[in-house]
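# Inside the fold
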Amino acid sequence: MLHAALEKQCRKSRIPVDFARAYWTPPLTPKLAYETEKNQIENTVGLRSLVSLTDHDNIEAPLVLRKVRETAQTPISLEWSVPFAGTIFHLGVHNLPSGQAQAIVDDLAGYTRNPNDRRLGELLATLDAFPDVLVVFNHPLWTQTCVGVHRDAQALDRFLEWAAQFLHAFEINATRSTKENNRVGQLAEQWRLPLVSGGDRHGCAASGALNLTRAETFCEFVSEIRQEQRSHVLLMPQYTEPVTIRTTRTLLDVIRNYPEYPMGSRRWDERVFHTDENGTERPLSALWKAPPKYVEQILSGIRLLENATVQRAMERVFRRGAIPDLPREIAAEVIPAEAVSTEAVSSEALW
């Protein structure tokens, strides 16, 4: 219903919006996202924090954070979209060397625009050659926003046969189901790679999965994963909530208004981007004077899910008969010095 309403309005707008090319950004600014992860680790878990933030195919967020003294050590990381065999995989690339980061990202973007198997092998080998870079296969069983893109087991097998020698870990994704994460654990065992945490949070909640480590720097953490293949994943209480509830809360975060946030992050249509007549990416709010009334009415209906009574009812329905079944591959031994959040703060395609 919302999709149809938005399409109708955009046909009447000054610039028609192609939702296949539009994308949205989360409500949290890089600073707020960093603080959310840091506060969970330091205040809830009681450990020092290392936080790596990723966005889809760009490093703007970590570069912004590195300009501030308190967050100057933030790793330069991104989530790379990798077209392969008719589908798109996503790799978390963490801790790029600062002097070469932008050039590397440009090379990765060049492959994304024009996929070539030989070039993919070269790029993966280049990333692997940096000893402090961590390459994680994110949500390998989930197509995410690749609407119309088919993913089958054969494509995944082909990709792993091609790329596994350059990968360093598989991701336990805190937004996915335990069943799916257990299957990822089987893949990791098959390819003899460790599992690491990944938040993939697109709303305002902190990640539901963290890594525990004795490392004092992110480079030391990378060495634990790559050289020692040692990883301890801590699943937070929010991970045990049913996926439907977690997804609903993220949706509510995405469409909520935040008057206290900086300009450009307050309304949902300020966080949705599309090209204008000159090919420049601009917020959807620039393409209309205000969101149409009937679209806002639909969003208001969705926002009823924030009502405490409605949320209690949802929890009773979706928790009924549910028994938490945490991935069996997760190590229980926890005597860490620090906790690491490899958290995705991703811009997403709309449909």
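Please read all numbers here as calculations on a predicted model, not as lab measurements. (Residues numbered from 1 in each chain as written. Predicted model: local features only at pLDDT ≥ 70, side-chain atom pairs only at ≥ 80, totals over all residues. Heavy atoms only, no water.)

## With respect to the confidence of the model for the protein chain
Where we set the bar: The pLDDT value tells you how sure the predictor is about a given residue, anywhere from 0 up to 100. Note on definitions: a residue-residue contact is assigned when non-hydrogen atoms from the two residues lie within 4.5 Å.
Per-residue pLDDT for the protein chain has a mean of 84; in total, 82% of the residues score no lower than 70. This model gives residues 145–150 a pLDDT under 50, and the stretch forms twelve contacts once residues within four places in sequence are excluded.

## A word on unusual backbone geometry
Formally: Working definition: helices are DSSP H or I runs of at least four residues, strands are E runs of at least two. Numbering for both runs from the N terminus. Only protein chains enter the calculation, and the probe is 1.4 Å; a residue is then buried if its accessible area is under 20% of its type maximum, exposed if over 50%, and partly exposed in between.
Even without being glycine, His139 reaches a positive phi, approximately 25°. Position of His139 among the secondary structure elements: in the loop between strand 5 (134–138) and helix 6 (153–163). Judged by relative accessible area, which is 2%, His139 ranks as buried. Within the chain, Gln229 stands out as a residue other than glycine whose phi angle is a positive 50°. Tracing the chain through its elements places Gln229 in the loop between helix 8 (218–226) and strand 9 (232–235). For Gln229, a relative accessible area of 42% gives the class partly exposed.

## Let's talk about the pairing of strand 10 (residues 272–275)
Let me state the cut-off plainly: Two strands form a pair only when DSSP identifies at least two bridges running between them.
Two elements, strand 1 (residues 23–24) and strand 10, share two bridges in a ladder whose sense is antiparallel. If you follow Trp24 over to strand 10, its bridge partner there is Val272. As paired strands, strand 10 and strand 11 (residues 281–283) are joined by three bridges and run antiparallel to one another. Bridge pairing in strand 11 links His274 to Arg282. The hairpin formed by strand 10 and strand 11 contains five residues between the paired strands, and Gly279 there has a positive phi angle of roughly 80°.

## Digging into the sheet that holds strand 7 (residues 195–198)
Note the following rule: For helices, the axis comes from a line fit to the C-alpha atoms of the stretch in contact; other axes are also lines fit to C-alpha atoms, and the angle between any two N-to-C directions lies between 0 and 180 degrees.
Strand order in the open sheet made by the five strands is 3-4-5-6-7, with mixed pairing throughout. Of all strands in the sheet, those bounded by a partner on one side alone are strand 3 (78–84) and strand 7. For this sheet, the mean angle separating the axes of adjacent strands, direction not counted, is 40°. Where strand 3 meets strand 4 (residues 87–94), seven bridges bridge the pair, whose relative direction is antiparallel. Residue pairing in the sheet places Leu78 in a bridge with Val93 of strand 4.

## Some remarks on the nonpolar core
Under the convention used in this document: Here, nonpolar core means buried Ala, Val, Leu, Ile, Met, Phe, Trp, Tyr and Cys residues that are tied together by side-chain atoms lying within 4.5 Å of each other.
Counting 41 residues, the largest nonpolar core has Trp80, Leu91, Leu96, Phe137, Phe159 and Phe170 as the members making the most contacts within it. When residues of this core are assigned to their parent elements, the largest contribution, five residues, is made by helix 4 (residues 101–113). Of all hydrophobic cores here, the second largest spans 13 residues; its members include Trp24, Ile255, Trp268 and Ile298.

## Quick word on helix 10 (residues 293–303)
The criterion, for reference: The directions from the helix axis to the C-beta atoms form the arc being described.
Turning to helix 10, its buried residues number three or more, namely Val295, Ile298, Leu299, Ile302 and Arg303. The buried residues of helix 10 occupy an angular sector of 145° when projected down its axis, which confines them to one face. Exposed residues lying more than 90 degrees from the buried face of helix 10 are Lys293 and Gln297.

## Here we look at helix 9 (residues 243–255)
Threshold: Here the expected length of a helix is defined as 1.5 Å per residue gap, with one fewer gap than residues.
With 13 residues, helix 9 extends 19 Å between its outermost C-alpha atoms, agreeing within 8% with the 18 Å of an ideal straight helix rising 1.5 Å per residue. Looking at helix 9, one finds that the buried residues are Ile245, Arg246, Thr248, Leu252, Asp253, Val254 and Ile255.

## Some thoughts on the packing of aromatic side chains
The cut-off we apply is this: Stacked, tilted and edge-to-face are the three classes applied to pairs of Phe, Tyr and Trp rings, where Trp contributes its six-membered ring and a pair requires centres within 6.5 Å; stacked means planes under 30 degrees apart, edge-to-face means over 60, and tilted covers the rest.
In this structure the tally under the stated criterion is nine aromatic pairs. A ring pair is formed by Trp80 and Tyr111, whose centres lie 5.8 Å apart and whose planes are at 75°; its orientation type is edge-to-face. Highlighted residues: Trp80 in strand 3 and Tyr111 in helix 4, separated in sequence by 31 residues. Between Phe89 and Phe137, the aromatic rings sit 5.5 Å apart at their centres with planes inclined by 85°, giving edge-to-face as the arrangement.

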